[in-house]
Amino acid sequence: MLKNYFKIAWRNLWRNKSYTFINILGLSSGIGCAILIFTLVSYQFSFDTFHPAADRVYRIVTQYHTDATEYSPGVPQPLGKAFRNDFSFIEKSARVLTYNNALISLPGEKDVKKFQEEEGVAYAEPEFFDIFRFPLVSGDHNAALTEPNTALITQKIATKYFGAEDPIGRIIRYNNQTNFRVTGILRDIPGNTDRTGEIYLSYANLKDKDPYVASDSSWGSVSSRMNFFVRLKSGVSAAIAEKQLPAFVKKYYGPEDASSTLLHLQPLSDVHFNADYDGPASKRNLWVLSIIGVFLIITACVNFINLATARALNRAKEVGVRKVMGSLRSHLFWQFMIETALIVILSFVLAFGLAMLTLPLLNNLLRTRMPVNLLENTRILLFLPLLLVAVVFLAGSYPGLILARFRPIAALKGKLSQQHIGGFSLRRMLVVTQFTVSQMLIIGLIVIAIQIRYSRTIDLGFRKEGIVMLPVPQDDKIKMNTLRSRLTAITGTEDITLCSQAPASGSNSNTNLRYDNRPKDEAWEVNEKFGDAQYLSTFKLNLLAGRNIFPADTLREALVNEVFMGKVGVRNPNDLLGKTITVDDQKGIVIVGVVKDFHNKSLRSGIDPIVILPLKTHYYTCAARINLTDIGSVLTSYEKIWNETYPDFVYSHQFLDERIDRFYREDSVTFALVEVFAGIAILISCLGLYGLVSFMALQKTKEIGVRKVLGARVASILWLFGKEFSRLLLVAFIIAAPIAGWVMHSWLQDFKYRIPLSWKIFALAILSTFAIALLTVAWRSAKAALANPVTSLRSE
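These numbers were taken from a predicted model, which means no experiment stands behind them.

Moving on: the overall build of the chain. Looking only at helices and strands, the chain features 27 helices and 25 strands. Looking at the chain alone, contacts between residues at least 24 apart form 79% of all its contacts between residues at least 6 apart. Working note: accessible area of the chain is about 36,700 Å², and carbon and sulfur atoms make up 57% of it.

Structure (structure tokens):
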């Protein structure tokens, strides 16, 4: 019996190739997207879940409650030692301090090799490898990083540096300063962890890198790169531990800082998702993606149902003959379910292949390391059979029941009507559902595109085009001045400044400030920018009052912005001139100028109060504004001069506008994903619309023939189809618009500077949907309208 079911099912599918092709196309598109979405979501939720007792691992993070709440994933460096001394609820603890863009050289080799490691290096305490499961493939785990000047590197780094030679005992040098002996090789770091560093150095050598930070007195220095992890003893809850933290803060932070500082235990499972503490992923976005995946599966199944029911009347006589020959309803139902299963299985094979081919592209887009061989993914292998069964029954049950309940006499006499296969009402509802989803995605796509364009074209308050950023790797005044003078002499250089960072940067330094000899610090922090006298001219910052800073070897003068002026309660910028401030324990710094506000972060954040200080020890960047007519030769000259100035370092450069684009990379990725899924949803919806048009054309064949015999024009017949679908699209829009509007309004709230939700966005969405639907309907309805009426009426 089962063999017979499969044979008949295959013959039916082969006989109706267009029907089979459309169904496989729709189902494979939806299933392929669902596989990719499930792979991505399950990958994101797997981050750092593989460590021992991960549910008891926490990161100590900092909250600052001043005039606004600020968050930092970092803590002062001495906190770790004090924590261990004061609390007994800790089973394991470790400090780890990361420095990105590290220069690593191999001094023991014949030819000194230099490597610029973007992931940098991490100074880590030995217990770090007891908390985190990063196993050694070579070396003694118990002795890892217990001695000074020792290092652990991954297999990948070992191969990169030493090839096939044994790396144990070899020497690496960090930043041309300190040598480290390799004592262990870590297994390559998996992709589903936020600890992406591949070079770990002994924590005892932190004093060589930064003596102040490494000291027990650096309680006032908090960096997001300084993380402290603890694993609580079994049976100790985070709530119990946190109750003891306020007293700890009062003991070590001092009265002023203790009143505004709060320590918090952040679960390891929250690190990847909490944006307040620089978490790279968003649970909200992952749930939205999951919902989109479910909707795509539903729309694909709806499309299948539409096409199957539209074709049901063509099989009425087949069903009638089978029932007369003794077939039961259950036989007919399972016959159709076998046909559905064959189509779904073929769709699954195609979808799986497409997902395998697309996954590397998705990894490249998202900068993730999801395993590209889905056959090795246990979660996918469990998910696929469940999805297969769900799709077969979701898509096939209703059409199967419709076919199975046909009355044999009515079927053989050809007297079945719309009502026998569900009528138009169900199909209308299904098409409305499909286009509701499509229009929601289209509205979201338009809003994201316009917001990204707004972010890239808004006046930031400074010049970002044609600015080349070069690193200054050494605090050497002679070399800095030599570099500046030689680069200035290059034809095509318009202006140059030595500074810490550009006006807008992802790396920001905030500090306390005291204004005009007031008795205590302000309740807010100021954003520090360090730059020389050419900082304003290079970035085209506008001076509202006063003058520019003068070149000097000591910190005497400062520039501030309009937000700073408002924070200290001054309305006229001239009233700020001559006032003094205290920053970083430097007293008597005179405000000599007020600059117009500029955006110092992405548009998600407001403009901070800013102070610009000429402090040469903080010049890490050389920014050059160049003429864009001959970029190639200018950059070639820059590289030559830079390498001659800093021969022991690795040259790199970056354009400022590209760096600022990184602020909105996540939004660009979201746009790309929504664009793809919206396209798939529209494709599936159009296939469903085509199914409904086919159903209408079949039902109205004789009506169209009569109308044409009576003199109806082709245009009026086309309107028979057009008015039906216009109503459906309008209903879908009425449902989709408020839902999409609410969702995108919530999304836009993440931006301090954002576009308004204009009626034009919704108008563009409905017009584009109408255009797509028109193209879908036009061909099939025109074919019905142009059919010969004699052929249509011959059977009467």
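For the rest of this paragraph, the subject is the nonpolar core. In terms of nonpolar packing, the biggest core is built from 52 residues, with Leu27, Ile31, Ile35, Leu387, Val391 and Phe677 touching the most fellow members. Elements with a contribution of two residues or more to this core: helix H2 (17-45), helix H12 (283-312), helix H14 (329-366), helix H15 (378-404), helix H17 (423-457) and helix H23 (665-699). With sequence-adjacent residues up to four places away left out, Leu387 is seen in contact with Ile31, Ala34, Ile297 and Phe348.

Another point: helix H3 (residues 79-86). Among the residues of H3, those classed as buried are Leu79, Gly80, Ala82 and Phe83. Taken down its axis, H3 places every buried residue within 165° of arc, on the same side. Close packing links the buried residues of H3 with strand S1 (57-65), strand S3 (90-99), strand S12 (226-232), helix H9 (245-253) and strand S13 (261-267).

This paragraph deals with the packing of H3 against H9. Their axes nearest at 12 Å, the elements H3 and H9 cross at an angle of 125°. The angle between H3 and H9 places the two elements in the oblique class. Our pair here, H3 against H9, has a crossing hand that is right-handed. Here Leu79, Ala82, Phe83 and Asp86 of H3 come into contact with H9, specifically with Leu245, Phe248, Lys251, Tyr252 and Tyr253. Among the residues making up the contact of H3 with H9, the classes are represented as seven nonpolar, no polar and two charged.

Turning our attention to the pairing of strand S20 (residues 557-561). Of all five residues in S20, five are buried; the element is thus mostly enclosed. Both faces of S20 are covered, namely the face carrying Glu557, Leu559 and Asn561 and the face carrying Ala558 and Val560. Bridging between S20 and strand S23 (residues 610-613) involves two bridges; their strand directions are antiparallel. Residue pairing across strands places Leu559 opposite Ile612, the latter belonging to S23.

Scanning the entire structure with this criterion turns up 23 salt bridges. One salt bridge in this structure joins Arg486 and Glu644, with 2.7 Å as the shortest N-O distance. Taken together, the residues span a long stretch of sequence, with Arg486 in helix H18 (residues 477-488) and Glu644 in helix H21 (residues 631-645) at a distance of 158 residues. According to the relative accessible area criterion, Arg486 is partly exposed, its value standing at 31%. Judged by its relative accessible area of 41%, Glu644 falls in the partly exposed class. A cluster of three or more residues bridged by salt bridges with shared partners is formed by Arg284, Arg604, Asp667 and Asp750.

Averaged over the chain, the pLDDT score is 84; the fraction of residues at 70 or greater is 84%. In this model residues 406-424 is a low-confidence stretch, pLDDT under 50, and it forms 45 contacts with partners more than four residues away in sequence or in other chains.

Put simply, H18 and H21 touch, their axes get as near as 10 Å, and they point 160° apart. Here H18 is positioned roughly antiparallel relative to H21, judged by the angle of their axes. Once H18 is placed against H21, the crossing between them reads as right-handed. Touching Lys479, Leu483, Arg486 and Leu487 of H18 are Tyr638, Ile641, Trp642, Glu644 and Thr645, all from H21. Here the contact of H18 with H21 is built from residues that sort into five nonpolar, one polar and three charged.

As a further point, take the sheet that holds strand S15 (residues 493-499). Spatial ordering of the open sheet is given by S15-S24-S14-S25, a layout of four strands whose pairing is antiparallel. Strand pairing shows two members of the sheet lacking a second neighbour, S15 and strand S25 (654-655), which therefore form its edges. As paired elements, strand S14 (residues 467-471) and strand S24 (residues 621-626) share five bridges and run antiparallel to each other. Within S24, the residue paired with Met469 across the bridge is Ala623. Strands S14, S15 and S24 of the sheet are contacted by H18, whose axis makes an angle of about 165° with S15.

Looking now at H18. The terminal C-alpha atoms of H18, which comprises twelve residues, lie 16 Å apart, in line with the 16 Å expected from a rise of 1.5 Å per residue. Among the residues making up H18, those that are buried are Met480, Leu483, Arg484 and Leu487. The arc enclosing the buried residues of H18, seen along the axis, measures out at 95°, which places them on a common side. At its buried positions, H18 is contacted by S14, S15, S24 and H21. For H18, the N-terminal cap is Asp476; the gap from its side-chain oxygen to the backbone nitrogen of Ile478 is 3.1 Å.

Outside of glycine, negative phi angles account for most residues, and trans bonds account for most peptide bonds. Of note, Asn149 is a non-glycine position whose phi angle comes to about 55°, a positive value. For Asn149, the position within the fold is in the loop between strand S7 (136-138) and strand S8 (150-154). The class of Asn149 is partly exposed, set by a relative accessible area of 31%. The phi dihedral of Asn175 is positive, around 55°, even though this residue is not glycine.

Moving on to the side chain of Thr150. In this structure, Thr150 sits in strand S8. Reaching out from Thr150, the side chain makes a polar contact with the backbone oxygen of Glu147 at a distance of 2.7 Å. Every residue in contact with Thr150, bar those within four places of it in the chain, is listed here: Leu145, Phe180, Arg181, Thr183, Tyr200, Leu201, Ser202 and Asn205.

What follows covers the packing of aromatic side chains. In this structure the tally under the stated criterion is 36 aromatic pairs. On the basis of an interplanar angle of 70° and a centroid distance of 4.8 Å, the ring pair of Phe83 and Phe87 is categorised as edge-to-face. When its relative accessible area of 0% is taken as the criterion, Phe83 is described as buried. A relative accessible area of 10% means that Phe87 is categorised as buried. Put simply, the rings of Phe83, Phe87, Phe89, Trp219, Phe228, Phe248, Tyr252 and Tyr253 touch in pairs and so form one group of aromatic residues.

With respect to the element layout, Asp608 can be found in the loop between strand S22 (586-595) and S23. A residue is classified by how much of its surface remains accessible, and Asp608, at 17% relative accessible area, is buried. The residues contacting Asp608, other than those within four sequence positions of it, are Asn527, Asn561, Val563, Asn600 and Lys601.

With that settled, the discussion passes to the environment of Ala214. Structurally, Ala214 is set in helix H7 (residues 211-214). Given a relative accessible area of 21%, Ala214 falls into the partly exposed group. Residues Ala214 and Gln77, spaced 137 residues apart in sequence, show a C-alpha to C-alpha distance of 6.7 Å. Apart from the residues within four sequence positions on either side, Ala214 is in contact with Gln77, Leu206 and Lys207.

So, how was this worked out
- Each chain carries its own residue numbering, running from 1 in the written order of its sequence.
- The predicted nature of this model means local features are confined to residues of pLDDT at least 70 and side-chain atom pairs, given and counted, to a pLDDT of 80 or more, with totals for whole chains, interfaces and linings taken over all residues.
- No hydrogens and no water enter the side-chain calculation; it runs on all heavy atoms of the structure.
- We count a stretch as a helix when DSSP gives it H or I for four or more residues in a row; a strand needs E for two or more, and each element gets its number in order from the N terminus.
- For this analysis, residues touch if any pair of their heavy atoms sits within 4.5 Å.
- Using a 1.4 Å probe, the Shrake-Rupley method yields the accessible areas, and only the shown protein chains count as cover for residues.
- We define the nonpolar core as a collection of buried residues of types Ala, Val, Leu, Ile, Met, Phe, Trp, Tyr and Cys that are connected through side-chain atoms lying within 4.5 Å of one another.
- Type-normalised accessible area, obtained with a 1.4 Å probe on protein chains alone, sets the label of each residue: buried when under 20%, exposed when over 50%, and partly exposed for intermediate values.
- What the arc measures is the spread of directions leading from the helix axis to the C-beta atoms.
- To define axes, lines are fitted to C-alpha atoms, for helices over the stretch in contact only, and angles between the resulting N-to-C directions are given on a 0 to 180 degree scale.
- Between 65 and 115 degrees an angle is taken as roughly perpendicular, under 35 as roughly parallel, over 145 as roughly antiparallel, and anywhere else as oblique.
- Should the near helix be turned anticlockwise from the far one by less than a right angle, the crossing is termed left-handed; should it be turned clockwise, right-handed.
- Classes in brief: Ala, Val, Leu, Ile, Met, Phe, Trp, Tyr, Cys and Pro nonpolar; Asp, Glu, Lys and Arg charged; the others, Gly included, polar.
- Here, strands pair whenever DSSP counts at least two bridges between them.
- Here, a salt bridge means any side-chain nitrogen of Lys or Arg that lies within 4 Å of a carboxyl oxygen of Asp or Glu.
- Think of pLDDT as the predictor's per-residue confidence, scored from 0 to 100.
- To estimate how far a helix should reach, multiply one less than its number of residues by 1.5 Å.
- Each polar contact in these results corresponds to two N or O atoms within 3.5 Å; when the atoms are within protein, one needs to be able to donate a hydrogen and the other to accept it, and residues that are neighboring in sequence are counted only if both atoms are side-chain atoms.
- Any two rings among Phe, Tyr and Trp, with Trp reduced to its six-membered ring, count as a pair given centres within 6.5 Å; such a pair is stacked if its planes are under 30 degrees apart, edge-to-face if over 60, and tilted if neither.

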